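An overview of the molecular structure
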Amino acid sequence: MYGNAYVDPENKIVNSITANEDPIKLAEFESRIAAGNKIEPMDWMPAEYKKQLVRMIEQHAHSEIIGALPEGTWITRAPGFRRKLALMAKVQDEIGHGQLLYSAAETLGKSREAMTNDLITGKSKYSNVFNYPAKTWADSAVIAWLIDAGAIVNQLANSKGSYGPYCRALDRICAEESFHLKYGHDNVVFLATGTPVQRAMVQDALNRWWEPIMHFFGPPDKESIHTATLMRWKVKMGSNDDMRNMFLDMYVPKIWDLGLTLPDPNLHKNEETGRWEYTEPNWEVFKQVINGNGPCNKERLAVRRKAEENGRWVRKALAKPTEKYVTPLS
Amino acid sequence: MNIVSIDPRVTRSHIDENTQEGIANPMEHFQTYEVFEQKKRGTHHIHVGSVHAPSAEMAMIFAKEQYSRRGQCVNLWVVKTADVFATEYEDSDIFDTISDKTYREPEAYKVIDRIQAFKERQKAN
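Counting from 1, residues in each chain are numbered in the order their sequence is written. Starting at A for chains and at 1 for ligands, labels are handed out in the order in which the entities are written. Where local features are concerned, this predicted model is filtered to residues with pLDDT of at least 70; where side-chain atom pairs are given and counted, the filter is 80 or more; whole-chain, interface and lining totals use all residues.

1. Some words on the overall build of chain A
Rules: Numbering of helices and strands starts at the N terminus; helices are DSSP runs of H or I of at least 4 residues and strands are runs of E of at least 2. Our radius of gyration looks at C-alpha atoms and nothing else; its globule reference is 2.2 Å times the residue count to the power 0.38. As a rule, residues whose C-beta atom has 12 or fewer other C-beta atoms within 10 Å are exposed, those with 20 or more are buried, and those in between are partly exposed; C-beta atoms are placed from the backbone. For the purpose of contact definition, each residue receives a C-beta atom placed from its backbone, and two residues are in contact when these atoms lie within 7 Å.
In terms of regular secondary structure, chain A is built from twelve helices and two strands. Listed N to C, the secondary structure of chain A is α-α-α-α-α-α-α-α-α-α-β-β-α-α in terms of helices and strands. Taking 20 Å as the expected radius of gyration for a compact globule of 330 residues, we find that chain A reaches 21 Å, a close match to that expectation. The buried share of chain A, taken over its 330 residues, is 38%. Counted over contacts in chain A with a minimum sequence separation of 6, partners at least 24 positions apart contribute 75%.

2. A closer look at the pairing of strand 2 (residues 46–53) of chain B
On any regular strand, side chains alternate: one points to one face of the sheet, the next to the other face. All names here are of chain B. Inclusion rule: DSSP bridges decide pairing: two strands pair if at least two such bridges lie between them.
Burial within strand 2 is extensive, with six of its eight residues counted as buried. Of the pairings in the sheet, the one linking strand 1 (residues 31–38) to strand 2 comprises seven bridges and is antiparallel in character. Bridge pairing in strand 2 links Gln31 to Ala53.

3. Quick word on the nonpolar core
Just so we agree on the cut-off: In plain words, the nonpolar core is the set of buried Ala, Val, Leu, Ile, Met, Phe, Trp, Tyr and Cys residues that C-beta atoms within 7 Å link up. Note that the domain bounds reflect an automated or database-derived domain assignment.
Ranked by size, the top nonpolar core spans 74 residues in total, and within it Ala105(A), Ala141(A), Val142(A) and Val202(A) carry the most contacts. Residue assignment places this core across two domains, with domain 1 (1–37) and domain 2 (46–313) of chain A each supplying three or more. With residues near it in sequence (within four places) discarded, Val202(A) still touches Ala138(A), Ala141(A), Val188(A), Leu191(A), Ala192(A) and Leu260(A). Membership of the second largest hydrophobic core comes to ten residues, among which are Phe30(B), Val48(B), Ala53(B) and Val78(B).

4. Observations concerning the sheet that holds strand 3 (residues 75–80) of chain B
Residue and element names in this part refer to chain B. Going by this rule: Every axis in this analysis is a line fitted to C-alpha atoms, fitted for helices over the stretch in contact. Angles between the N-to-C directions lie between 0 and 180 degrees.
Ordered by their spatial adjacency, three strands build an open sheet running 2-1-3, and the pairing between neighbours is antiparallel. The strands lining the two open edges of the sheet, one partner per strand, are strand 2 and strand 3. Recorded for the sheet is a direction-independent mean angle of 30° between the axes of neighbouring strands. Contacting strand 1, strand 2 and strand 3, helix 2 (residues 56–67) crosses the sheet at an angle of about 125° to strand 2.

5. Points about the domain arrangement of chain A
Residues and elements named next belong to chain A. Put simply, the test is: Residue polarity follows a fixed list, in which Ala, Val, Leu, Ile, Met, Phe, Trp, Tyr, Cys and Pro are nonpolar, Asp, Glu, Lys and Arg are charged, and the others, Gly among them, are polar.
Under the domain assignment, chain A is made up of domain 1 (1–37) and domain 2 (46–313). Each of domain 1 and domain 2 was reduced to a C-alpha centroid, and the two centroids are 32 Å apart. Counting only elements with at least two residues in the side of domain 1 that touches domain 2, the list comes to helix 1 (12–18) and helix 2 (23–34). Residues of the side of domain 1 that touches domain 2, tallied by class, amount to six nonpolar, one polar and one charged.

6. Some points on the interface of chain B and chain A
Listed per partner, the contact involves 39 residues of chain B and 38 residues of chain A. Contributions of two or more residues to the side of chain B that touches chain A are made by helix 1 (8–12), strand 1, strand 2 and helix 2 of chain B. Looking at the side of chain B that touches chain A, its residues break down into 15 nonpolar, 14 polar and ten charged.

7. Some points on unusual backbone geometry
The backbone of Lys234(A) sits at a positive phi, close to 55°, despite the residue not being glycine. Looking at where Lys234(A) falls in the secondary structure, it is placed in the loop between helix 9 (225–232) and helix 10 (240–257). One non-glycine residue, Phe30(B), adopts positive backbone phi at about 70°. Structurally, the position occupied by Phe30(B) is in the loop between helix 1 and strand 1. By C-beta crowding, Phe30(B) is classed as buried, having 20 other C-beta atoms within 10 Å.

As structure tokens, this is what we get:
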């Protein structure tokens, strides 16, 4: 991978990524990744690698924390004690995943407080899908099954990435998510094989969540040198369209199998190419929601702010002014 | 205006939708502790990650919730990150074994040939 250390002065994008990097260290770094080795926090790394990883892991952590809110909506009214216990356990898992991911991001030098502040001031993003309301119990079932399924597709791919602490966190997370998926599927199947009212309820939830689910994997990637570099550095492990396709391949047949429909008449698998074809979801809506104008953005951030504020007196009472912060090791 | 949500817990909290509260101060979330987990008696404790906590006792509570919520665990350690003295990856050549130290490796000791030769000599006598 030596060739990549060379910076073409004509190429503005590559230039901006690696221009100020030591070419020898960069070559060593790239050959370590190419050989399938992991990068650890104390290793030398290009500034852009660090920046993109912090952004990605932090967004992932925020998504786990905010993602607990739409599902948490139904804890108080879960149908039956067993489902209530299971939902509480799932929501607790998600918060735990947030903690694991924040710790991984911190190894790159950004403090927990700075990440929290960037979340509540709207500076950093989280998964768009959590800016939609969970209107009925069936919504919580669809989230637990299909949003978690989408997350697992992404997370399994990312766990093969190059940054050690992120991979280790993801291995732990994926193991726990398999319960979420089963729990969600069980809930959807229960409704889909139930009374006509229950079937209508889950179909309605599916109709409402389909566009956010298609948005979940992000807009089609532009073929850019920036993307290519991030792929070579194993920061990005596949294109958004590849991830979406993998998800459709695994879950659309399972949805149809229950006699449920999806609100896209063009959705089908092209048997020749092996790829799914569909109507592009409205990316303008995606942009609107990610920029703060979704149905629940305001509520999600306000709730998060309030939680932080409500915990402050406890933290103050426990604080020891003599303690110093040291970046976590791995 | 307070937020009215389909989550009754949110509505009950009377949260101003334009609240500016919640900004965290530096160190407000405390220092970190490194967590070591032992899965089974007789095995090593293995490092599994870190937690933020104001004391070792609190770190232990968080570590238990975060790292031993699932699966087997028989023992946990927490150690202040600041108290861990670690090597640098850049210096990993210090672990290389140089050739003239093979006397420390088990493979350096080959006695079978000598024993065989000895036995044959004995027979010949």
